[in-house]
Amino acid sequence: MNQGLVPFILLPALAAVIVPFLWRKSRPAVESLSALVLGLGLIAALIGIPLAGQLGAEFRAARGSFPMPPFRGDEFSTLMLVTIFLISLASVFYSIFSVPGGEKRASYYSLILICTAGMAGVVTTGDFFTMYVFLEVVAVSSFALIAFSGDSEGIEGALKYLFLSAPASFLILLGVALLFLNTGGTSFSHLFQTAAGGGGSKAGILAALGLFACGFMVKAGLVPFHGWVPDAYQSSPAPISALLSGIVTKVAGVYALVRMSMFLHAAPGYASVTRALMFFGALSIVVGALAAMVQRDFKRLLAFSSISQVGYIVLSAGLGTPMALLGATFHLFNHATFKATLFLNGAAVERATGTRDMTQLGGLGSRMPWTTGTSVVAFLSTAGIPPLSGFWSKLIIIVALWVGGAKGYAIIALLASILTLGYFLILQRRIFFGKVVSFTEGAEEVAAGMLLPVVVLAALMVIIGLYFPFICQLLLDPAVKALL
Amino acid sequence: MSLYLLLLVALVLFSLLAVVFRNMLLAAISLGVASVALTLILFALSAPWAATFELSVCAGLITVLFVSAVSMIRKEELFLKEGRARFALLPLFFLLFGIGFWFFGDRFAVALRGMPTLGEQVGVGILLWSVRSHDLLGQLCIILAGVLAIKAFFGRGRD
Amino acid sequence: MADLLRVNWFLVVILAFLGLYCLLVSRNLLRLLIGIEILSKGCILALVSSGVAIGKVNTAQTLAITMIVVEVVVVAVALGLIIRAYGATGSIDMWKLNKLKD
């Protein structure tokens, strides 16, 4: 079997097996091994983008032929791999420095590694059923990671995730069975050639796609399927929240939704599914933004903000024009960086001040300069202020919506963006720049090791924002070519 | 054919019992019996491999896991009153959907024409290892993830 | 054999509704897990009956086998989680798990 992008899965999985044995010998070895493996994966993914482009081109060239060759990976997959390994690396780095020594048991790093391997599996496969299998890998490791701290909050969050994720997997499987019935196979090629060639029953394929859409929307955390998101994000340990929000929901749900849009726009006649995606995306934007404003706990605030931003991605992907897809993929990558930074910084703040209640915080800027700086960059980027990266991705999305004929949605997106901006500015003023209050008196800046990932991510936001045209040509155009 | 229908009815009946029984132990056993019914159904559909897996894993392993979990929980906790009143309308909705499906369900599947049917002369084993080897990798990963998760839940922190 | 397919899929629909009903209504965590199990049975039947209908029984069997393996791992981990919940709060009542909303 042609290897394609499979080695990306094997490496972290192998490391996950080795870790428990190594833990007995030496703790630092485990930490370095994890970081090393993830770093290697990141570099390999970056280098692999042009190579993956070849694989993708082959698949696209064979579009008209029958039978179609299997899908082996393309530029979009590789961009997702870059995001996955980057955020996992940031999360692991933070974990290494946040606990001095031995509270984290060996299985923690193994679980993060196997979760990464599972996510790599989801984005590199060309078959819906294999995607289901790797989605369950990610889900199982997520349950364990959310509940890792052992307190009842973590367990509650994990249980809520479990009891919403399992029916979602069931819906996806039913979709696979329907697809199998109508097209004779479960891979992308089968869906493509049947949808385009008109082999199976149209109602059947539409039903299969509808089931897929519902299942993946639950996994992505879109409204009205978002019930598990605030609880799971709030109750998991901080680096895990960063991992969850940064990539797990994206890989598990959003990636598949974007791929589905991609296929559906090449095969006309299935527009109802993409219209539904746009509707739920817009709904998520509004509900997420409004709900975020009434939260006191900042982790819950960030959870609702994530729901809102994922709504932007899905809304744009649903539209499906080249510009819209460009905006969606770019925003996907950007949002991973924003939320990872914000969650990691939030954890640092909690460590330093002992509270997550925002009404009790104030004046952190003077005590924790680096954390403040990177958080401000992330907040502004999420809200879409130039010249940061978030501004560009939001702009592309809104313009694509306007130009693509969805003017109403464009206005909603713009208004929500302004709303978010206003709220974040007020929040920032109070937490970071206001008067110093009792809670923040004794706060100290956190260790350098913990700051490294957020500084790198924030720098990325700034650099990507400033050098946008260059980035566009290098990374994003290939990704969009893949999507068409 | 009538035996087959009997098996289908058994499957639904024991699943229903598993939902309804107050005593969790009986519910778990009922689920096991439903699994046996499904196994026989799979045999009847000429899918012996799937049937064997279903028997040993679902009817066997999962029932054992359930029963051991039930045994760990205090008796009082196991008999809770379910909040069924809110959803009394749901079975009615299902009835309507079921009737609609029975008559109009044909539109969702159409006989396939000209689909390449390669790989059916080959046995399940070879299929699994060559065509769907990606799934095998996935199975390995999920077993690994499951072991690590259980270890994370119940392991003693060795510091 | 369109008739067999229709009967099988009708069963799948019944099991799906039964499982979803169980998930919506139940208070006991273990029963929620039974609901998930019923949904899985529905999926297995769906996969195999689709395979039988289009003549690809063996492919369907490989899918079903993989699915069963995945399901058992999920159930095992879910049971582990429930036992932990019982250990932490002394109860397996779903309605008592609402500490996170404030």
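From a predicted model like this one, the values you see are computed outputs, not experimental measurements. (Residues numbered from 1 in each chain as written. Chains lettered and ligands numbered in written order. Predicted model: local features only at pLDDT ≥ 70, side-chain atom pairs only at ≥ 80, totals over all residues.)

### Thoughts on the overall build of chain A
Rules: Secondary structure is summarised from DSSP: a helix means a run of H or I of at least four residues, a strand means a run of E of at least two, and numbering begins at the N terminus for each. Note on burial: count the other C-beta atoms lying within 10 Å of the residue's C-beta; 20 or more is buried, 12 or fewer is exposed, in between is partly exposed, and C-beta positions come from the backbone. For every residue pair, C-beta atoms are placed from the backbone, and the pair is scored as a contact if these atoms sit within 7 Å.
When you go through chain A residue by residue, the secondary structure sums to 19 helices and zero strands. Scored against the burial criterion, the 484 residues of chain A give a buried share of 64%. A fraction of 79% describes how many contacts in chain A between residues 6 or more apart in sequence connect residues 24 or more apart.

### Some thoughts on the overall build of chain B
Of regular secondary structure, chain B possesses seven helices and zero strands. Mapped from its N terminus to its C terminus, chain B presents α and β elements in the order α-α-α-α-α-α-α. Buried residues in chain B amount to 32% of all 159 residues. Put simply, of all contacts in chain B between residues at least 6 apart along the chain, 45% involve residues at least 24 apart.

### Re the interface of chain B and chain C
Threshold: Three residue categories are used. Nonpolar comprises Ala, Val, Leu, Ile, Met, Phe, Trp, Tyr, Cys and Pro, charged comprises Asp, Glu, Lys and Arg, and polar comprises the others, including Gly.
Contacts between chain B and chain C engage 62 residues on the former and 59 residues on the latter. Among the elements of the structure, α1 (2–20), α2 (24–44), α3 (48–71), α5 (90–104), α6 (124–131) and α7 (133–154) of chain B are those that each provide at least two residues to the side of chain B that touches chain C. In terms of residue count, α3 of chain B provides more of the side of chain B that touches chain C than any other element does, eleven residues in total. A per-class count over the side of chain B that touches chain C returns 44 nonpolar, ten polar and eight charged.

### Some details on the domain arrangement of chain B
Filter applied, for reference: The source of the domain bounds is an automatic or database domain assignment.
Taken domain by domain, chain B consists of domain 1 (1–77) and domain 2 (124–153). The distance between the C-alpha centroids of domain 1 of chain B and domain 2 of chain B comes to 24 Å.

### Topic: the interface of chain C and chain A
For an interface, size is often stated in terms of accessible area lost upon the parts coming together. Between chain C and chain A, the contact holds 29 residues from the first and 28 residues from the second. Going through the elements one at a time, α1 (2–25), α2 (29–54) and α3 (57–89) of chain C are the ones with two or more residues in the side of chain C that touches chain A. No other element matches α3 of chain C, which puts 13 residues into the side of chain C that touches chain A. Tallied by class, the residues present in the side of chain C that touches chain A amount to 22 nonpolar, four polar and three charged.

### Section: the nonpolar core
The condition that has to hold: What we call a nonpolar core is a set of buried Ala, Val, Leu, Ile, Met, Phe, Trp, Tyr and Cys residues whose membership is set by joining through C-beta atoms within 7 Å.
If you look at the biggest cluster of nonpolar residues, it comprises 255 residues, and the most contacted ones within it are Ile-114, Phe-143 and Ala-144 of chain A together with Leu-81 of chain C. The element that contributes the greatest number of residues to this core is α3 of chain C, accounting for 20 residues. Taken domain by domain, this core gets at least three of its residues from each of domain 1 (1–77) and domain 2 (124–153) of chain B. Ignoring anything within four residues of it in the chain, the contact list for Ala-144 of chain A reads Leu-111 of chain A, Leu-148, Ala-149, Ala-152 and Phe-153 of chain B together with Val-77 of chain C.

### A look at the packing of α3 of chain B against α3 of chain C
Angle between the axes and distance between the axes are the two parameters that describe a pair of packed helices. Threshold: Only the stretch in contact is used when a helix axis is fitted, and all axes are lines through C-alpha atoms; the angle between N-to-C directions ranges over 0 to 180 degrees. Here the angle decides the label: under 35 degrees means roughly parallel, over 145 means roughly antiparallel, 65 to 115 means roughly perpendicular, and every other value means oblique.
Interaxial distance between α3 of chain B and α3 of chain C falls to 10 Å at its minimum, and their mutual angle equals 5 degrees. With respect to each other, α3 of chain B and α3 of chain C are oriented roughly parallel. Two secondary-structure elements touch here, α3 of chain B through Trp-49, Ala-50, Phe-53, Glu-54, Val-57, Cys-58, Leu-61, Ile-62, Leu-65 and Ala-69 of chain B and α3 of chain C through Gln-61, Ala-64, Ile-65, Ile-68, Val-72, Val-75, Ala-76, Leu-79, Ile-82 and Ile-83 of chain C. Here the residues of the contact of α3 of chain B with α3 of chain C sort into 18 nonpolar, one polar and one charged.

### Some points on the environment of Thr-78 of chain A
Residues and elements named next belong to chain A. Mapped onto the elements, Thr-78 comes out in helix α3 (residues 75–98). For Thr-78, a count of 30 C-beta atoms within 10 Å corresponds to the buried category. Between the C-alpha atoms of Thr-78 and Gly-150, which are 72 residues apart in sequence, the distance is 35 Å.

### Structural notes on the confidence of the model for chain A
This is how it is decided: The quantity called pLDDT is the predictor's confidence in a given residue, expressed from 0 to 100.
In the predicted model, chain A carries a mean pLDDT of 77, and the fraction of residues at 70 or more is 79%. Confidence scores differ between elements of chain A, with helix α17 (residues 438–441) of chain A showing the lowest mean pLDDT of 62 and helix α5 (residues 128–146) of chain A the highest of 90.

### Quick word on α2 of chain C
Residues and elements named next belong to chain C. Worth spelling out the cut-off: How far a helix is expected to stretch is found by multiplying one less than its residue total by 1.5 Å.
With 26 residues, α2 extends 38 Å between its outermost C-alpha atoms, agreeing within 8% with the 38 Å of an ideal straight helix rising 1.5 Å per residue. Across the 26 residues that make up α2, a large majority, 26, are buried. Positive phi appears at Gly-55, one or two residues downstream of α2, with a value of about 90 degrees.

### Some points on helix α9 (residues 228–235) of chain A
Of all eight residues in α9 of chain A, eight are buried; the element is thus mostly enclosed. Here α9 of chain A has its buried residues at Trp-228, Val-229, Pro-230, Asp-231, Ala-232, Tyr-233, Gln-234 and Ser-235 of chain A.

### Overview of unusual backbone geometry
One non-glycine residue, Ser-46 of chain B, adopts positive backbone phi at about 55 degrees. Secondary-structure assignment places Ser-46 of chain B in the loop between α2 and α3.

### Observations regarding the packing of α9 of chain A against helix α12 (residues 298–319) of chain A
All names here are of chain A. Test applied: Crossing handedness is defined as follows: a turn of the near helix away from the far one that is anticlockwise and smaller than a right angle gives a left-handed crossing, while the clockwise case is right-handed.
Two elements in contact, α9 and α12, have axes whose closest approach is 8 Å; the angle formed by their N-to-C orientations is 135 degrees. Of the possible angle classes, the one that applies to α9 and α12 is oblique. The interaxial crossing formed by α9 with α12 has right-handed handedness. Contact with α9, carried on its side by Val-229, Pro-230, Tyr-233 and Gln-234, involves Lys-299, Arg-300, Leu-302, Ala-303, Phe-304 and Ile-307 of α12 and no other residues of that element. Counted by class, the contact of α9 with α12 contains seven nonpolar, one polar and two charged residues.

### Let's talk about the environment of Ala-37 of chain B
Residue and element names in this part refer to chain B. Among the secondary structure elements, Ala-37 is positioned in helix α2. According to the C-beta neighbour criterion, Ala-37 is buried, with 22 such atoms within 10 Å. C-alpha of Ala-37 to C-alpha of Tyr-4: the two residues are 33 residues apart in sequence and 9.9 Å apart in space. Discounting residues that sit within four places of it in the chain, Ala-37 has contacts with Leu-7, Ala-10, Leu-11 and Phe-14.

### Description of the confidence of the model for chain B
All names here are of chain B. Residue-level pLDDT values for chain B average 78, and 71% of them are 70 or greater. Least confident of the elements in chain B is helix α4 (residues 75–78), whose mean pLDDT is 63; most confident is α2, at 92. pLDDT under 50 marks residues 111–119. Its contacts with residues more than four places away, or in other chains, come to 13 contacts. This complex was scored by the predictor with a pTM of 0.89 and an ipTM of 0.92.

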